[in-house]
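Inside the fold
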Amino acid sequence: MAATAAALLLSAFAGVPGAAAAAGPAQQSRNASADAPYPNLAPTPPMGWNNWSYYGCDISENDVLSNARKLVSSGLAAKGYDTVTTDDCWMTHSRDAQGNLVADPQRFPHGMAWMGEQLHALGLKFGIYEDAGTSTCGGYPGSWGHIDQDARLFASWKVDYLKLDGCNVPGVSGETQEQVYHSVYSDMSKALLATGRPIVFSVSAPAYFEYDTPDTWHKVISWSGQVGNLWREGADVAMEPASARTKWSSIKYNYGYNVGLADLQSPGRWNDPDFLLAGQSRLTGDEIRSQMSLWAVMAAPLISSADLTKAAPEALSVLGNSDVIAVDQDPTGLQGRIVQQGEGYDVLSKQLAGGERAVALFNSSDQARTITTTAADAGLPAGSSYRLKDLWSQRTTETSGTIAANVPAHGTVLYRVRTGAAAHTAPATTVSWHRTSGEGTDSAWTVSVADHGHTGLSGTQLEFSAPEGWTLTPSHARLGYIAPGRSASVTVRATGPDAAPGTTAATLTATGRYHAGAAGLRTVTGEATTISVVPYPDLKSAFNNVGVTNESAPPAEGNYTTGNFDCAGNSYSAQALAAAGVTPGAQLTKDGVSWTFPDAEPGSADNVSAAGQVIRTGGSGSALWFLGAEAGTVEGKVTVTYTDGSRSTGDLGLPNWCCTAGTEYGAVTVATADHRNTPNGPANFGGGYKLFGNSVPLTEGRTVESVTLPDEGAIHIFALSVH
Ligand code: GLA
């Protein structure tokens, strides 16, 4: 989904501000904090599978069971992924005559008790989703007013794990929202306990306070550790239809809010930054290994959300890396912390049983880099030698104290480190690239090989490679002997072919070969990334469609979802836009500013999400006007470059395409379509799907050369106009 954080915020508080005070749920105690903590039913972080991030509401018992079978047949279940949770939308819209929840007869024709039996027969645990409010986030009956009844029903179905979400929790007269959440989650905690069945309790309350004051957020997290075993404390990770970019940003975002919460975690009480996306589309191997590494170092629950029956072998082996799982599940049960941080990278260290440490070198940037720390900074005791096991490459090396690696863009190197290394362990080495001049398709670098161990490197050679069309001069170099603790380097020039419009990244690789005493012949590689940004000649060549579909085509020939404006399969209707005067190539004018609507056929994939594209733009004036809309609620930075090389910046936000006043961020409404297309055809009549205008100021008297669009996927831009 676009702008997950903002979307969650909106859905979280829908109905809360100004909501009529309702009667509280059946309460056994208002003084929950005085009670004993919920039993420690999850001594190590829970592991398993949940359908939500991949399937959303589009689930069936077959989907759940085929994934459950795959957990078993792939060996993942035996490695700990043993809890299978059916998320939202498993039920019908109303309770039965006795007030019990009812499984959706289409999606779960055999019912939920049967589902539990199947999972138990596979040796798995049965997880289910409900909500503490009046309805779930998906609009199904919530547990509000039915807490004890629902707990008993789940226990009768032999549920082993409950995820209790926190959408639509009403206000209660005389109580803060924090008190209402505390009370209803305590009630469920006690109701689960009263069933006598051990049910792991996943509390979503803190996620609904992520944007509250830090004090309130932390308070909710603290009591979540009293009433339950784990808690979601922030935004959802991206859903399967999202772009590669959105998924990667959501992994970084969730890591970002979770990593600072180590003080609020304790063994058996887990922060939950949401699902593992390995096995979903579009993420690279480096990205899924990063997520797995970071989640493991943070002792986060490892809950996969993907169609494992179709997942690539690489994704299954990332989820199934026993060494990484062991870091997550370490009996010490402590969340790792950042021990060093710089522009584009973090170093994390997690204490492990037996005095060992897991050390993660996380490159959050778009360029390969060498990340360097020390055993002392990572919290290891003083020593003359340390053993480093790289948990992804499985290579073991020895260092006298420097812990370093060349890490690809978006990658993480995860070491298990202990004091003392066996004799003849190969020395830890790195190949690093340091840019000395140039960028894009012509750059110069110093490439060095460093020896961090106790054995010298003899006969060291470097060989360089780059993508087709590139030249690296020289193509190889002899560095000879490198003494322990020393490095040697060579200067390299990299030239590449003219890049096409857009942003093109090229990876330059250096492979070092050397003899390391008794450890024999060894290799080490290091990468650099060089990025060329060539402006698109116009907006049209950067984008070719605006999320519009043709409603006169029957859904069977369906271009409904290909117009996908909002990542949920919805699009503008070409017919509804035409009725508002918006047709391909039309001139639209508002308050004297004119734009040309894109001359694009409805029904091809939407790609008008702004993502930092640079567009060549002529003209001079006092403002640069944008025509567009958002599938979110964010502002982003626009940079204008003038022909004299100077720059100016401005903030750009456009209202959400639907259902807003249309004046947010100072925007104006340019056109209003009466309805939109959903995956099933025209719908939401009277909803008002709009196009907006908004501007950033220009430096007067200068001529615009190019504009860099905001790097915000929720912002969709259809046309530009200098005025
Ligand atoms: C919220 C939760 C998600 C999922 C959906 C279901 O957004 O955070 O994990 O359970 O609700 O509607």
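Parameters at a glance
Residues numbered from 1 in each chain as written. Predicted model: local features only at pLDDT ≥ 70, side-chain atom pairs only at ≥ 80, totals over all residues. Heavy atoms only, no water. Phe/Tyr/Trp six-rings, centres within 6.5 Å; stacked < 30°, edge-to-face > 60°. Helix = DSSP H or I, 4+ residues; strand = E, 2+ residues; numbered from the N terminus. Buried < 20%, exposed > 50% of the residue type's maximum accessible area, 1.4 Å probe, protein only. Pairing = 2+ DSSP bridges. Axes fitted to C-alpha atoms, helices over the stretch in contact; angles between N-to-C directions. Near = heavy atom within 4 Å. Polar contact = N/O pair within 3.5 Å; in protein donor to acceptor, adjacent residues only side chain to side chain. Areas by Shrake-Rupley, 256 points an atom, 1.4 Å probe, with all protein chains shown as cover. Core = buried A, V, L, I, M, F, W, Y, C linked by side-chain atoms within 4.5 Å. Domains from an automatic or database assignment. Contact = heavy atoms within 4.5 Å. Parallel < 35°, antiparallel > 145°, perpendicular 65-115°, else oblique. Left-handed = near helix turned anticlockwise from the far one by under 90°. Nonpolar A, V, L, I, M, F, W, Y, C, P; charged D, E, K, R; others polar. Buried area = accessible area lost by both parts, 1.4 Å probe. Salt bridge = Lys/Arg side-chain N within 4 Å of Asp/Glu carboxyl O.

1. Examining the packing of aromatic side chains
If you walk through the whole model with that rule in mind, you get 23 aromatic pairs. Taken together, a centroid distance of 6.5 Å and an interplanar angle of 65° make the contact between Trp 90 and Phe 154 edge-to-face. Taken together, the residues span a long stretch of sequence, with Trp 90 in the loop between strand E2 (83-86) and helix H4 (111-121) and Phe 154 in helix H5 (residues 147-156) at a distance of 64 residues. A relative accessible area of 0% places Phe 154 in the buried class.

2. A short note on the sheet that holds strand E36 (residues 689-697)
Overall, antiparallel pairing links the four strands, which are arranged E33-E36-E30-E38 in an open sheet. On the outer flanks of this sheet lie strand E33 (668-673) and strand E38 (715-722), each paired with one strand and no other. Each strand axis lies, on average, 25° off the axis of its neighbour in the sheet, ignoring direction.

3. Details of the site of the ligand
Neighbouring the ligand are Trp 52, Asp 87, Asp 88, Tyr 129, Cys 137, Gly 138, Lys 163, Asp 165, Arg 232 and Asp 236. In the environment of the ligand, an oxygen atom lies 2.7 Å from a nitrogen or oxygen atom belonging to the side chain of Lys 163. Within the contact set of the ligand, an oxygen atom lies 3.2 Å away from a side-chain nitrogen or oxygen of Arg 232. In the complex, the protein chains occlude 94% of the 300 Å² of accessible area that the ligand would expose alone.

4. Concerning the nonpolar core
Tyr 81, Trp 90, Tyr 185 and Met 292 are the most contacted members of the largest nonpolar core, which totals 110 residues. In terms of residue count, helix H6 (residues 177-195) provides more of this core than any other element does, seven residues in total. Looking at which domains feed residues into this core, each of domain 1 (54-334) and domain 2 (339-534) supplies at least three. Once you skip the residues sitting within four places of it in the chain, Trp 90 turns out to touch Leu 101, Val 102, Ala 103, Asp 104, Phe 108, Met 112, Ile 128, Tyr 129, Phe 154 and Trp 157. Counting 51 residues, the second largest nonpolar core, distinct from the first, contains Phe 565, Phe 597, Trp 625 and Ala 631.

5. Structural notes on the packing of helix H3 (residues 61-73) against H4
Direction vectors running N to C along H3 and H4 enclose 15°, while the axes themselves pass 11 Å from each other. Taken together, the axes of H3 and H4 lie roughly parallel to each other. Helix-helix and strand crossings are classified by hand; for H3 and H4 the assignment is right-handed. Residues Glu 61, Val 64, Leu 65 and Ala 68 of H3 touch H4, and the partners they reach there are Gly 111, Trp 114, Met 115, Gln 118 and Leu 119. Split into classes, the residues belonging to the contact of H3 with H4 amount to six nonpolar, two polar and one charged.

6. Considering the domain arrangement of the chain
Domain assignment breaks the chain into domain 1 (54-334), domain 2 (339-534) and domain 3 (539-722). If you average the C-alpha positions of domain 1 and of domain 2, the two centres end up 37 Å apart. Contacts between the two partners involve 25 residues from domain 1 and, on the opposite side, 21 residues from domain 2. Between domain 1 and domain 2, a total of about 2,000 Å² is buried, with carbon and sulfur atoms accounting for 64% of that surface. Counting the surface domain 1 buries against domain 2, the share from its top three residues, Val 297, Asp 323 and Val 327, is 25%. Here domain 1 and domain 2 share one salt bridge between them. Between Lys 389 and Asp 323 there is a salt bridge whose closest N-O contact spans 3.2 Å. Counting across the interface, domain 1 meets domain 2 through 14 residue pairs in polar contact (both at pLDDT 80 or more). Mapped onto the side of domain 1 that touches domain 2, the elements with two or more residues apiece are helix H8 (244-258), helix H9 (285-297) and helix H11 (322-328). Looking at the side of domain 1 that touches domain 2 element by element, the count peaks at nine residues for H9. Partitioning the side of domain 1 that touches domain 2 into residue classes produces 14 nonpolar, four polar and seven charged.

7. What about the sheet that holds strand E26 (residues 571-573)?
Pairing is mixed in the open sheet, where four strands are placed in the order E25-E26-E34-E35. Only two strands of the sheet have a single partner each, and these edge strands are strand E25 (548-549) and strand E35 (681-683). As paired elements, strand E34 (residues 676-678) and E35 share three bridges and run antiparallel to each other. Of the residues in E35, the one forming a bridge with Thr 678 is Gly 681.

8. So, the environment of Thr 503
Along the polypeptide, Thr 503 turns up in strand E23 (residues 502-515). For Thr 503 and Asn 684, which are 181 residues apart along the polypeptide, the C-alpha to C-alpha distance reads 38 Å.

9. Notes on the pattern of salt bridges
Enumeration over the complete set of coordinates arrives at 24 salt bridges. The network of salt bridges with shared partners includes Arg 232, Asp 236 and Asp 274.

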